[in-house]
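# Observations on the three-dimensional arrangement
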Amino acid sequence: MGLAAALNTGKTSLFSNQKSIEIAGNNIANVNTEGYSRQKAVYSDFPSLEFGGFFVGQGVKITAITREYDVFVSEQLLDKSQTLGNEDAKSTPLAELERVFSITEDNLATEIDRFFDSWQELSANPSGQVERDIVIQRGELLASAFSTVSSELDNVSSNINETILSEVDAVNLKLTQIADLNGRIQTIEANGQSANSFRDQRDVLLQEVTYTLGAQSYEEPSGAVNIQLPGGLPLVQNSSALEFEAISQGDSLTLNLNIGSSTFEVTGKNLGGKFAGLLELRDEFIPSLEQDLDLTAYSLVQEVNKLHEAATGLDGSTGVSFFNNPGNHTSQSYADPDLDAFSSGSFTITVAGVENTITFDPNGDGTNGSLNDLENIIDTAGIGVDASVQQDDDGGYVLSLVPQTFNDSVQIDMSDIGGSYEAPEFTMADMSDLMSMSLTEASKVAAGNSSAPGDNTNALAISALKDANAVNGEDTFVSFYGKMAASVGIEAGQNRLSQSGAEDALTQLQNLRDGTSGVSLEEEMISLIKYQRGFEASAKLLSTVDEMLVSVLSIKS
Amino acid sequence: MKSTQSTTYRSLNAELNSINSNLETLRNQAATGKKLLRPSDDPAAIRPVLSARTQIRATDRFISSLSTAADRLDNQDSYLDQAENLLVSAKETAINAINGSMSEADLNTLADQIGYIKTEMLSVANAQVGGQYIFAGYQEDTAPFVEDGDTVSYQGDSNVKKLESAPGEYVQTNLDGAKLFMGMSDSDGDGVLEQTGMNVFEVLTNLERAIRGESGQVYNGNDALPADGIDYRRDASGEIAVDGNGNYTPIAVDGSGNPLVDSSGNDVPLLTTEGAPINLHTATDTDGKVLTIERYNTLNPPGVVTAFDGITALDTTQPMYLHSDGTPVADFNAAGEPVLTYEESAGPPAVIAAVSLLNSDSSPVQLTEIPTLDSLLTTLESTADQTRSARGLMGNNAERIDTSKEHLEGVLVDLEQILSRYEDADLIDVITEITQTETALEAALNVTGKVSSLSIMDYL
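These numbers come from a predicted model, not from an experiment. (Residues numbered from 1 in each chain as written. Chains lettered and ligands numbered in written order. Predicted model: local features only at pLDDT ≥ 70, side-chain atom pairs only at ≥ 80, totals over all residues.)

## Focus on the overall build of chain A
Going by this rule: Numbering of helices and strands runs from the N terminus, with a helix taken as a DSSP run of H or I at least four residues long and a strand as a DSSP run of E at least two residues long. For a compact globule the rule gives 2.2 Å times the number of residues to the power 0.38, and the radius of gyration it is set against comes from C-alpha atoms.
Secondary structure summary: chain A contains 11 helices and 18 strands in total. Over its C-alpha atoms chain A spans a radius of gyration of 38 Å, topping by over 25% the 24 Å that the globule rule assigns to 557 residues.

## Remarks on the overall build of chain B
Rules: Any residue whose C-beta has 12 or fewer other C-beta atoms within 10 Å is treated as exposed, any with 20 or more as buried, and any in between as partly exposed, C-beta atoms being built from the backbone. In this description, a residue-residue contact is defined by the distance between C-beta atoms placed from the backbone, which must lie within 7 Å.
Counting secondary structure elements, chain B contains 8 helices and 17 strands. Residues counted as buried form 33% of the 460 residues belonging to chain B. Long-range pairs, those at least 24 residues apart, make up 65% of the contacts in chain B with a sequence separation of at least 6.

## Describing the sheet that holds strand 12 (residues 329-331) of chain A
Residues and elements named next belong to chain A. Just so we agree on the cut-off: By this definition, two strands are paired if DSSP reports at least two bridges between them. Axis definition: a line fitted to C-alpha atoms, over the contacting stretch in the case of helices. Angles run 0 to 180 degrees between N-to-C directions.
If you trace the 4 strands from one edge of the open sheet to the other, you get 15-16-12-18, paired in antiparallel fashion. Two strands close off the open sheet at either side, each with one partner strand: strand 15 (385-391) and strand 18 (426-427). Its contacts with the sheet place helix 7 (residues 371-381) against strand 15 and strand 16 (397-403), and it is angled at close to 160° to strand 15.

## Regarding the nonpolar core
Note the following rule: What we call a nonpolar core is a set of buried Ala, Val, Leu, Ile, Met, Phe, Trp, Tyr and Cys residues whose membership is set by joining through C-beta atoms within 7 Å.
In terms of nonpolar packing, the biggest core is built from 92 residues, with Ile178(A), Val209(A) and Tyr481(A) touching the most fellow members. Of the residues forming this core, the biggest block, 16 residues, is contributed by helix 4 (residues 129-190) of chain A. Apart from residues lying up to four places away in sequence, Val209(A) is in contact with Val171(A), Lys174(A), Leu175(A), Ile178(A), Ala215(A) and Ile227(A). Ranked by size, the runner-up nonpolar core spans 50 residues in total, among them Tyr133(B), Ala136(B), Leu175(B) and Phe181(B).

## A short note on helix 3 (residues 108-124) of chain A
Side chains of residues three or four places apart in an α-helix project in the same direction, reflecting 3.6 residues per turn. Convention followed: In a helix, the anticipated span is given by 1.5 Å times the number of residues less one.
Here helix 3 of chain A spans 25 Å end to end across 17 residues, near enough to the 24 Å set by a 1.5 Å rise per residue. Buried residues dominate helix 3 of chain A, accounting for 16 of its 17 residues.

## A closer look at the interface of chain A and chain B
Applied cut-off: The residue classification treats Ala, Val, Leu, Ile, Met, Phe, Trp, Tyr, Cys and Pro as nonpolar and Asp, Glu, Lys and Arg as charged. All others, Gly included, are polar.
With 46 residues of chain A in contact, the opposing surface of chain B contributes 38 residues. Broken down by class, the residue content of the side of chain A that touches chain B amounts to 18 nonpolar, 17 polar and 11 charged.

## A look at the pairing of strand 5 (residues 216-219) of chain A
Residues and elements named next belong to chain A. Looking at chain direction, strand 5 and strand 6 (residues 225-228) are connected through 4 bridges and run antiparallel. Within the sheet, the bridge partner assigned to Ser217 lies in strand 6 and is Ile227. The hairpin formed by strand 5 and strand 6 contains 5 residues between the paired strands, and Gly223 there has a positive phi angle of roughly 100°.

## Section: helix 4 of chain A
For clarity, the threshold we go by: A residue's bend is given by the angle between axes fitted to the 7 residues ending at it and the 7 residues starting at it.
Helix length check: helix 4 of chain A, at 62 residues, gives a terminal C-alpha distance of 90 Å against a target of 92 Å (1.5 Å per residue), a fit within 8%. Along helix 4 of chain A, the sharpest kink reaches roughly 30°, centred on Val168(A).

## Focus: the sheet that holds strand 11 (residues 262-266) of chain A
Residue and element names in this part refer to chain A. As summarised here, the arrangement of the 3 strands in space is 9-10-11, forming an open sheet in which the pairing is antiparallel. Every interior strand has two partners, whereas the edge strands, strand 9 (244-249) and strand 11, have only one. With strand direction ignored, the average angle separating the axes of adjacent strands in the sheet is 35°. Bridge count for strand 9 against strand 10 (residues 252-259) is 6 bridges, and the pairing is antiparallel. Pairing of Gln249 across the sheet is with Ser252, part of strand 10. The strands touched by helix 4 are strand 9 and strand 10; relative to strand 9, the strand with the most contacts, the crossing angle is about 155°.

## Looking at the environment of Arg400(B)
All names here are of chain B. For Arg400, the position within the fold is in helix 7 (residues 373-423). Residue classification places Arg400 among the partly exposed positions, given that 16 C-beta atoms sit within 10 Å. Sequence separation between Arg400 and Ala70 is 330 residues, and the spatial gap between their C-alpha atoms is 9.9 Å.

## Some remarks on the confidence of the model for chain B
Residues and elements named next belong to chain B. Put simply, the rule is: Summary of the metric used: pLDDT quantifies the predictor's per-residue confidence within the range 0 to 100.
For chain B, the mean per-residue pLDDT works out to 74, and 67% of the residues sit at or above 70. Predicted confidence for residues 288-294 stays below pLDDT 50, and this span has 21 contacts to residues more than four positions away or in other chains. Residue range residues 302-367 is modelled with pLDDT below 50. Its contacts to residues more than four positions away, or to other chains, number 123 contacts.

## With respect to unusual backbone geometry
Residue and element names in this part refer to chain A. If you check the backbone angles, Ala352 has positive phi at about 50° while not being a glycine. Mapped onto the elements of the fold, Ala352 is located in the loop between strand 13 (345-351) and strand 14 (354-360). Phi at Asp430 is positive, roughly 65°, even though this residue is not glycine. Residue class for Asp430 comes out partly exposed when judged on the 16 C-beta atoms lying within 10 Å of it.

## Structural notes on the packing of helix 3 of chain A against helix 4 of chain A
Residues and elements named next belong to chain A. Formally: When describing relative orientation, an angle under 35 degrees is termed roughly parallel and one over 145 degrees roughly antiparallel, while 65 to 115 degrees is termed roughly perpendicular and anything else oblique. By the definition used in this description, the sense in which the near helix is turned from the far one sets the handedness, with an anticlockwise turn below a right angle giving left-handed and a clockwise turn giving right-handed.
Between helix 3 and helix 4, whose axes approach to 9 Å, the crossing angle comes to 165°. Comparing the axis directions of helix 3 and helix 4 gives the class roughly antiparallel. When the axes of helix 3 and helix 4 are compared, the crossing they make is left-handed. Seen from helix 3, the contacting residues are Leu108, Glu111, Ile112, Arg114, Phe115, Ser118, Trp119, Glu121 and Leu122; seen from helix 4, they are Glu131, Arg132, Ile134, Val135, Arg138, Gly139, Leu141, Leu142, Ala145, Phe146 and Val149. For the contact of helix 3 with helix 4, the class distribution of residues is 12 nonpolar, 2 polar and 6 charged.

## Describing the packing of helix 10 (residues 477-517) of chain A against helix 1 (residues 5-32) of chain B
As a packed pair, helix 10 of chain A and helix 1 of chain B sit with axes 9 Å apart at the nearest point and diverge in direction by 170°. In terms of axis orientation, helix 10 of chain A runs roughly antiparallel to helix 1 of chain B. Between helix 10 of chain A, through Thr507(A), Gln510(A), Asn511(A) and Asp514(A), and helix 1 of chain B, the contact on the second element is made entirely by Ser6(B), Thr7(B), Arg10(B), Ser11(B) and Ala14(B). Here the residues of the contact of helix 10 of chain A with helix 1 of chain B sort into 1 nonpolar, 6 polar and 2 charged.

## A short note on the domain arrangement of chain A
All names here are of chain A. Put simply, the rule reads: Throughout the structure description, domain borders are defined by an automatic or database domain assignment.
Each assigned domain of chain A is listed here: domain 1 (3-68 + 518-556), domain 2 (168-283) and domain 3 (327-427). On a C-alpha basis, the centroid separation for the pair domain 1 and domain 2 is 43 Å. Listed as interface residues are 9 residues of domain 1 and, on the opposing side, 6 residues of domain 2. Its residues assigned to classes, the side of domain 1 that touches domain 2 comprises 3 nonpolar, 4 polar and 2 charged.

## Considering the environment of Ser151(A)
Residues and elements named next belong to chain A. Here Ser151 lies in helix 4. With 12 C-beta atoms counted inside 10 Å, the residue Ser151 sits in the exposed group. Separated by 235 residues in the primary sequence, Ser151 and Asp386 place their C-alpha atoms 29 Å from one another.

## Examining the environment of Asp203(A)
All names here are of chain A. Residue position: Asp203 is located in helix 5 (residues 196-213). When the 22 C-beta atoms within 10 Å are taken as the criterion, Asp203 is described as buried. Sequence spacing of Asp203 and Leu78 is 125 residues, and the spatial spacing of their C-alpha atoms is 9.2 Å. Discounting residues that sit within four places of it in the chain, Asp203 has contacts with Gly35 and Ser74.

Quick look at the structure:
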């Protein structure tokens, strides 16, 4: 082996060290780049050649630049991202709901208390004009408090829709970018190179998409990542991506996914992450709160009107409604309208103060009857209400009663005909929103059971409603509000706990990831020194060989 | 595993964030003094807090109702005191009239005094508080006692006003005027008032007349028929007298069969509207019993409409007539009054029957006998007792109200303590925690500041 070969060895070492310094420089430059994985040169020596019975090395070469990467930690990161996305998404609407169902001095419960307190106040001076005006005013304030809560719930829903709508474009862009990166990575890696920075970029996007959609991903041998929704719908395959389409109609917003010629509606159940959290609140939690609120308003209006209509105003008027009566009375949902699930018996429907007792014995032999039988019997009884069986949003069947005369009060007691299905109990959708006063004249406020100015019997009876278990027969109006507020509180508290847990976990995982893939300045500095020294030594080698060559050449002269 | 600069900063950042958010919560608690600011702060506390607030509001109202009730009872008590005093001075006057050997002029002065006492009693009975009559039941905007000649009628109702003093507990805040002043209550639950006690106004009227020396006389008042019977006018020899037309004249008699006399000292003839004497016939009531005047009074107290013997009195002003043969009246005249078929030929019946007499306004004349002064003294005493016992009852009520109020004020304190336990922050705890957290924050900031001061760059 000659000196020229030694020169060559020095050259490879010089180049390799220089390259390593460049890599260290690049690592330092990207020390704060999100998702950047530290790169490292992989050295190997050139194959040795045999010279005079000895194997002598031929120098060094960089065979690859790899990134330091831990698949396990990356998978964990994706998993926690989707949990965090879910909890993050809920935190803002839940904070809003906590404000709506406030427990400070000014909330719906206080308004309910004040309303019944005004009746108690009236009982001390039943003919007082001021006390009567206060009762009417408190009624108006109560009605508007109910509609405020109801419309604020609607607001939270529509804010959720806005949030989804504003994110759909960004999500679609990210999906397209991932598909794009898939293509590039495949092209580069087909040539045996590693597409380090593209993979880093894709990892960041993947984490973001998982955060938003809870999408699941798996890598193919070709290097492409396929993404699908938790429900199994594909989003990205190789270099092609599907797009979400948000369709907003009035107050409602649906997410569609177009696969070929067919369109799939995506609901909270098909999704994870942020969107699932939002849709879960919008489609399950808020509607159940609305239902409870409507039931409270319905029960309050029914109970107050029942007593008020039976009593007498100062001007001798009776049968006057205090609040406007519900426009329809809808039962809970039943699975099968033809199933003979109601036991025969009798029930009462009081329409505008006239009590009708209806015997329910559809087969004439004391056997059970179905929801449709019930509807028929009420309809044919001709008592001033139209009955119908309707299908609700969830596919169940409800019994709906509508008074034939507008604003007629309808009091229904079907508690005796419960069989394998529970006896129908009634409420009205949107009651809280529609609640309003019917009474306007102070002299028509029915404080007593006679028009005598000192008669306070009915004022006492109405004020006693505050302690009656009037909602579902289990709760007072205020304690039912307390239940609603508590359910919001539990949900929000749990959310806050899970959110901070997920944040902590994510911080830990990111630290773990940085432990492998992160850039440590100390490490880079040390590599810098290391490769600088290597470079200097290579240079020394070259100059030494050069001196040796000069010595050799000087022999001749 | 290596620790990079980002790792250090990320961890410090997370730590600082969490300390800061803790600190914010604590500072909020210190500033508001409440630890229950939103439902998630303590979902289990919501129900007790709301229910405590409801109860506090209700208790406040109960206390205010009780104060109203106490005021009303105070007012009422002073009027009852006045009524009692009036009855005491009536009694003094009556004793004066019995004991002294008074001249007629003196007695008339004493009688006038009783007249004033009666007028004053009437104004007490019509007492108003805050524009509302307190002895009128629910009819608080109507003067309950109306004087018409010698008689007083009640225009209110017998409801008692009640206020809620605790959940489901009611306290009576007024007295039934009819029972208190007129001794009338619905004892048999038929919705019509019966005489069960003393009529203060009647007693005072009788007293006034008795002092004037009219005891034993009958006068026309809207009261009751004499309880004893009816006879026919007789001549000096005790035979039934025959008038110019050859008819007998029915007159009212007392229990001994002596004729009753009116204020002029004349006997009281029972006549038809035309002024003709009546040929009477036995009448039986709906139970088939012979209708004596006593029974008539029981069945038919003033103001009550009763049917008997097939005849329904249409209203209280509708006089009641009987045929001589007891069949119902068939005809009515143009004024709507029943016309009596008088059969002269039949002669007087063996048994004397009941009948109503007509006033000038065609209302039934009912006669009453003025008791003696002696018997009135006893009556007066029991009348005063009636007032006293009512006053005692209300006094007990007032005492109960005081106790209830004290109790409720105690309850209010308890409720506020419960509420406070759930929603108020313990400031000492909170401030201690703030200090701790601030120390932690200072340490974290300190460390964060020093992270970059130690760098490999300084050693190269």
